[in-house]
Amino acid sequence: MEPIIEVQALTKAFGNKQALRQIDFTIQRGEIYGFLGPSGSGKTTTVKILSGQMLPTTGTARVFGVDIAKMNEVERHRHLSRIGILTDNSTLYDRLSIQDNLELFCKLYNVPSSRAKEVLEQVNLANERQTTVKTLSKGMKQRVTLARALLHNPDILFLDEPTSALDPTNTRHIHDALKALNRAGTTIFLTTHDMEEAESLCHQVAFLHQGHIAAMDTPQRLRLKYADSTITVTTTEGTYSVQRDDEGARRIYDWMTTGKMVAIHSNEPTLSDIFIKVTGGILK
Amino acid sequence: MTLAMKRVSAIIQKEWKDSSKNPVLLLTAAIPVIFAFLFRSEQSVGASVLTMPMNMALSITGAFVQAMMVAEEKEKHTLRVLMLSPAKPIEVLLGKSAISAIMTVSAVILSILIANTPSINLVSFLLLLIPNIVMYLALGTLIGLMSRTSMETSFLGMPLLLIFLMGPMFGALLNSEAVNVAIGYLPTEQMAAACDILWNGGSLTDIWSHIGVTCIWAVASVLLCIIVYRAKRYDA
Ligand SMILES: Nc1ncnc2c1ncn2[C@@H]1O[C@H](COP(=O)(O)OP(=O)(O)OP(=O)(O)O)[C@@H](O)[C@H]1O
Ligand SMILES: [Mg+2]
């Protein structure tokens, strides 16, 4: 295990508004780390700090072992050439074609122009290369921006709500692409308020709520930790809530041997259930 | 080609494609040329008026067009993406200035031709022109960096334009010694004074101080521009 992002007691204040309050977390190389939280919880602020677009108020954030608030020019240059960023807004040149947009960054990152075609295939846009960005839909722009973030094969990808404007088919396509990238070694830091997305992609998730991390673990462990202690059993005689103990086991055994058992459910919470539990909030 | 040169030329190419598809920008760049027709006068007028067309070309096409280009990148957040790429500040600034520099030189030449500005020795003129262009592009970049939207550039740029272009004419009305001295150091006034010397038989050796003052303006503007650019790499 090798930590690639280490955040300690990080805070960020805008005037007297506390956007982040003492957050701590560590991301290992090769992980997909999900930062989950409702609107205004501080997700974008965290991405901006980690990617070197904003300075923290207090605390430290180390990326590739370097404190990002204390980087010199050489370290900043190295940091930037190893990360890829998808921001939460379109950041493309409207009057240029998709190809021209990507070609500029191929040259800035010193990768062959043929990379443009490869990354467009990854985001399912290979046939739109000559289209002017201005005429693209929001979801298409989001995919072009993601493609641009992939051009230089970054070690860490920062994705701020990467599928917020995508339809289910393209969401699935992007998820598959992200999983493939991750298998090839890319660490992914992803913010989302889509719990299904987090469930399907992330090795680790953190629930952010009003600038605090309210819970953090693997999705499986979180589900176990917050699992209901009862099991719901549907029998021919009705539905029962059974405790996970000897008494419960005996009752389930009886229903099964007498053929009355219809269905059995462990009451595993979804990430949404857990989120609401830990924050007492409602997910928007 | 070194990597740095490759990056600068990539930004120039992008800028070329982008600005050629931006009619508002091209129109703004052409404004001084249109104004130059108004200054076609045969009667003898002062150097301030005679140099007005070229000073307008420098400040409008140089500073304003550059400011619009930079401000648009800021507004659309593409500047941030450039700042987050491996391109160094100086490479981005050079790349972003090249196309406006070409437009500015073209506007100056056209304005001089249209307004029938008396001819000046080429070497002396180039030595005056180059620091002027550097200064106006840097000031334009600065205005663009300080504006949140391209609309705001007119807001921030107008005072500069008024002082630089109108200052020499209206400053005299104030009858204040201090104001007059200050106005004398404006780059537009330095340009007018230097041209006046050259038109009256002076040579390059007589305008070194004017070139020097303009160079100080240029260096100060570029330094300020780099400082502000670096500061803008971070949000609040
Ligand atoms: N530049 C800024 N100036 C002042 N306040 C800010 C600034 N940026 C963010 N904030 C505030 O900080 C808090 C966190 O904002 P942030 O953008 O990080 O939220 P988010 O989790 O990304 O939300 P969303 O899901 O809507 O994108 C919000 O209350 C926001 O108003
Ligand atoms: Mg956000």
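Above: the structure in question.
Residues numbered from 1 in each chain as written. Chains lettered and ligands numbered in written order. Predicted model: local features only at pLDDT ≥ 70, side-chain atom pairs only at ≥ 80, totals over all residues. Heavy atoms only, no water.

1. Here's the deal with a nonpolar patch on the surface
Together, B:Val45, B:Val49, B:Met158, B:Leu162, B:Met166, B:Met169, B:Phe170 and B:Leu173 make up an exposed nonpolar region whose accessible area comes to about 680 Å². The greatest single-element share of the nonpolar patch, amounting to 5 residues, is contributed by helix α8 (residues 150-171) of chain B. (Patch = residues over 30% accessible without salt bridge, like charges linked within 9 Å, V, L, I, M, F, W, Y side chains within 5 Å. Areas by Shrake-Rupley, 256 points an atom, 1.4 Å probe, with all protein chains shown as cover. Salt bridge = Lys/Arg side-chain N within 4 Å of Asp/Glu carboxyl O. Helix = DSSP H or I, 4+ residues; strand = E, 2+ residues; numbered from the N terminus.)

2. Quick look at the pattern of salt bridges
Oppositely charged side chains can pair when the atoms bearing their charge come close. Residue and element names in this part refer to chain A. One pass over the full model with this rule turns up 27 salt bridges over all chains. We note a salt bridge from Glu2 to Arg29, for which the minimum N-O separation is 3.0 Å. Linking Glu2 in the segment before β1 (3-14) with Arg29 in the loop between β2 (17-28) and β3 (32-36), this pair joins segments that are 27 residues apart in sequence. Under the relative-accessibility criterion, Glu2 is labelled partly exposed at 41%. Here Arg29 falls in the partly exposed class, since its relative accessible area comes to 36%. For Arg223, the salt bridge identified is with Glu199, shortest N-O distance 1.9 Å. (Buried < 20%, exposed > 50% of the residue type's maximum accessible area, 1.4 Å probe, protein only.)

3. Some points on the pairing of β2(A)
Residues and elements named next belong to chain A. Alignment of β1 against β2, held across 8 bridges, turns out to be antiparallel. Across the sheet, residue Lys12 finds its bridge partner in β2, namely Leu20. Counting the residues that bridge the hairpin from β1 to β2 gives 2 residues, and of these Gly15 lies at a positive phi of roughly 60°. (Pairing = 2+ DSSP bridges.)

4. Let's talk about the site of ligand 1
All names here are of chain A. As a matter of local geometry, ligand 1 sits amid 13 residues, with Lys17, Ser39, Lys43, Thr44 and Thr45 nearest to it. In this structure, an oxygen atom belonging to ligand 1 sits 2.8 Å away from a main-chain N or O atom of Gly40. In this structure, an oxygen atom belonging to ligand 1 sits 2.7 Å away from a side-chain N or O atom of Lys43. If ligand 1 stood free it would expose 640 Å²; the protein chains cover 65% of that surface. Elements with a minimum of two residues in the shell around ligand 1: β2 and α1 (43-50). Looking at which element gives the most residues to the shell around ligand 1, the answer is α1, with 3 residues. Broken down by class, the residue content of the shell around ligand 1 amounts to 3 nonpolar, 7 polar and 3 charged. (Near = heavy atom within 4 Å. Polar contact = N/O pair within 3.5 Å; in protein donor to acceptor, adjacent residues only side chain to side chain. Nonpolar A, V, L, I, M, F, W, Y, C, P; charged D, E, K, R; others polar.)

5. A closer look at the interface of chain A and chain B
The interface of chain A with chain B comprises 30 residues on the first partner and 30 residues on the second. Between chain A and chain B the total buried area reaches about 3000 Å² when both faces are included, carbon and sulfur atoms providing 57% of it. Our count for the contact surface shared by chain A and chain B stands at 7 salt bridges. Residue B:Arg230 is joined to A:Glu73 by a salt bridge in which the shortest nitrogen-to-oxygen separation is 3.0 Å. Mapped onto the side of chain A that touches chain B, the elements with two or more residues apiece are β1, α2 (73-82) and α3 (98-108) of chain A. Taken together, the residues of the side of chain A that touches chain B break down into 12 nonpolar, 9 polar and 9 charged. (Contact = heavy atoms within 4.5 Å. Buried area = accessible area lost by both parts, 1.4 Å probe.)

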